[in-house]
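# Chains, contacts and geometry: an overview
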Amino acid sequence: MSATTDADYVRVCGLDELPATGAAKAEIEGRVVSIIRAEDGSVHCIDDECTHGRVSLSEGEVEGCEIECWLHGSRFNLVTGKPTGLPATVPVVVHSVRVTDGEVLVALADEAPRTV
Ligand code: FES
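As the structure is a computational prediction, the values presented were derived from the model and not from experiment.

### A look at the pairing of strand β4 (residues 43-47)
Taken across its five residues, β4 has four buried, putting it largely inside the fold. Sheet topology places strand β3 (residues 31-37) next to β4; five bridges connect them, and they run antiparallel. Looking at β4, one finds that Ile 36 is bridged to His 44. Counted along the chain from β3 to the antiparallel partner β4, the turn is five residues long, and its residue Gly 41 has a positive phi close to 90°. Summarising the sheet, β4 and strand β9 (residues 94-100) pair through two bridges and their orientation is antiparallel. Residue pairing in the sheet places Cys 45 in a bridge with His 95 of β9.

And the structure:
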């Protein structure tokens, strides 16, 4: 695994393109991710696919610093990717985010998606 450098960050969207609290789907270098603004205003990026089933997490509900899958209700912590509510037991991959001058930049994790 290599360390993340400035060169790894790519612009994904403007901060003003995200909902006040909620998620938006994006694609970075062919990988589908969710860009999520939590209730505290922090911005996060995780793989978009729920680790319990092949559905899009960006269509789920954001509450606090978690997102809830719309299909069976699994919840994932946006900082760690760990499931905080069943039925999912496998963490979702978390990517690094920077917000600079109103732009959301993401560096993809050096880790394959955790598919079911
Ligand atoms: S598909 Fe997400 S909780 Fe089942």
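### What to know about the pairing of strand β10 (residues 103-107)
Only one face of β10 is buried, namely the one carrying Val 104 and Val 106, since none of Glu 103, Leu 105 and Ala 107 on the opposite face is buried. Bridge count for strand β1 (residues 10-14) against β10 is four bridges, and the pairing is antiparallel. Counted as the bridge partner of Gly 14 is Glu 103 from β10. In terms of strand pairing, β9 meets β10 through five bridges, oriented antiparallel. Its bridge partner being in β10, Val 97 is matched across the sheet by Val 106.

Cut-offs used in this document
Residues numbered from 1 in each chain as written. Predicted model: local features only at pLDDT ≥ 70, side-chain atom pairs only at ≥ 80, totals over all residues. Buried ≥ 20, exposed ≤ 12 C-beta atoms within 10 Å, placed from the backbone. Helix = DSSP H or I, 4+ residues; strand = E, 2+ residues; numbered from the N terminus. Pairing = 2+ DSSP bridges.

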